[in-house]
Amino acid sequence: MATMNIYHEQASNIWKTWGLMTFFLVFFIALGWIFSEAYDSEGILVFAILFSIVLNIFSYWFSDKIALKSAGAREITKEENPTYWNVVENLAITAGLPMPRLYVINDPVPNAFATGRNKEHAAVAATTGLLQMMDRTELEGVIAHELSHIGNRDILISTVVVVLAGSIAMLSNIFLRSNFMFGGRRGNDRNGGGAIFLVIGLVAAILAPISATLIQLAISRKREYLADASGALLTRYPEGLASALEKIEHYSGQLKHANNATAHLYISNPFGDRAHIQSFMTRIFSTHPPIEDRIRILRGQEKML
């Protein structure tokens, strides 16, 4: 039953991608319309429509390059790290995936992520700390998790959500700043319509980024659970990933290039927040589920394999 659920999620992820793109586009345009009414300017709506379309196209083609660049990742050859290369190659063959491009991040903090728009244009990046710390079965567990993100077709979902959520936050921030600096609706204001739209605009500007972020984080956490389960099925040895997650959890430290835009891509929180010391609110806004929960589920899955 668990296997069937995983395959069902894999098949539905492509529809989720387009559904989320449509939702955020409509959301973004609606936000632009509210702001255009508040300022009595159709130009704002036109800008919102054009910007959202360009943003989608740009994020589809270039988001992986941006993520790798911001992480400080460097592409490697097989000769530079044959163990890393062979583990990825063997698991990619087992999963029926093309060999992804391999990158290394020069950082002692153990972590890794996968990115790309599809399985034919995917990349896996691992830190030097992860490659040095893990034994082969643990490394296989981590790589299987990352390849599962590629196989499950959710690397594009994460890109679309984070880019559009960020753009909504940016538009809201521009509205709030300009409103306090220059005031609300200009020109004739019949029947108090401008004041009403101004109030609606202010509320939307405050709540929109929060709503977009919550959607982004909820999807990100679900992706991690699914990739854990898929990776365990790929290696047939859930303990490998469970042991790797334990080592990652007990290593205190933050990635040098950690940032909020790409935090959700990593196998664990790149800011080094330990799950057992997080507050309730921190957990709600965390890009990752608690590691101890993931380990418990993996070890329960091992009994079923």
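Residues numbered from 1 in each chain as written. Predicted model: local features only at pLDDT ≥ 70, side-chain atom pairs only at ≥ 80, totals over all residues. Heavy atoms only, no water.

What about helix 5 (residues 136-151)?
Point 1. Here helix 5 contains 16 residues, and its C-alpha end-to-end distance of 21 Å stays within 8% of the 22 Å for a straight helix at 1.5 Å per residue.
Point 2. Within helix 5, 12 of the 16 residues are buried, which leaves it mostly tucked inside the rest of the structure.
Point 3. Looking only at helix 5, the buried set comprises Glu138, Leu139, Gly141, Val142, Ile143, Ala144, His145, Glu146, Leu147, Ser148, His149 and Ile150.
Point 4. Just downstream of helix 5, arginine 153 is the residue with a positive phi angle, here 60 degrees. (Helix = DSSP H or I, 4+ residues; strand = E, 2+ residues; numbered from the N terminus. Expected span 1.5 Å × (residues − 1). Buried < 20%, exposed > 50% of the residue type's maximum accessible area, 1.4 Å probe, protein only.)

Structural notes on the nonpolar core
Point 1. Within the largest apolar cluster, 36 residues are counted, with the highest numbers of intra-cluster contacts made by Tyr84, Val124, Leu130, Ile143, Leu147 and Ile150.
Point 2. Those residues in contact with leucine 147, other than ones at most four positions away along the chain, are Val88, Leu91, Ala92, Leu97, Pro100 and Val124.
Point 3. Core analysis: the second largest hydrophobic core is formed by 14 residues, Val109, Phe113, Leu255 and Tyr266 among them. (Core = buried A, V, L, I, M, F, W, Y, C linked by side-chain atoms within 4.5 Å. Contact = heavy atoms within 4.5 Å.)

Section: unusual backbone geometry
Point 1. One non-glycine residue, arginine 236, adopts positive backbone phi at about 60 degrees.
Point 2. Note on placement: arginine 236 falls in the loop between helix 7 (193-235) and helix 8 (238-249).
Point 3. Take arginine 236: its relative accessible area is 52%, and that puts it in the exposed class.

Re the pairing of strand 4 (residues 122-127)
Point 1. In terms of burial, strand 4 is a largely internal element, six of the six residues being buried.
Point 2. Side chains Ala122, Val124 and Ala126 of strand 4 all project onto a buried face; the interleaved residues Ala123, Ala125 and Thr127 project onto the opposite face, where all are buried too.
Point 3. In this sheet, strand 4 lies alongside strand 2 (residues 101-105) in parallel orientation, the contact comprising five bridges. By the bridge assignment for strand 4, tyrosine 103 is matched with alanine 125.
Point 4. Bridge count between strand 3 (residues 112-116) and strand 4: five bridges; the pairing is antiparallel. The residue bridging glycine 116 from the neighbouring strand is alanine 122, located in strand 4.
Point 5. Hairpin remark: strand 3 followed by strand 4, antiparallel, with five residues in the connecting loop. (Pairing = 2+ DSSP bridges.)

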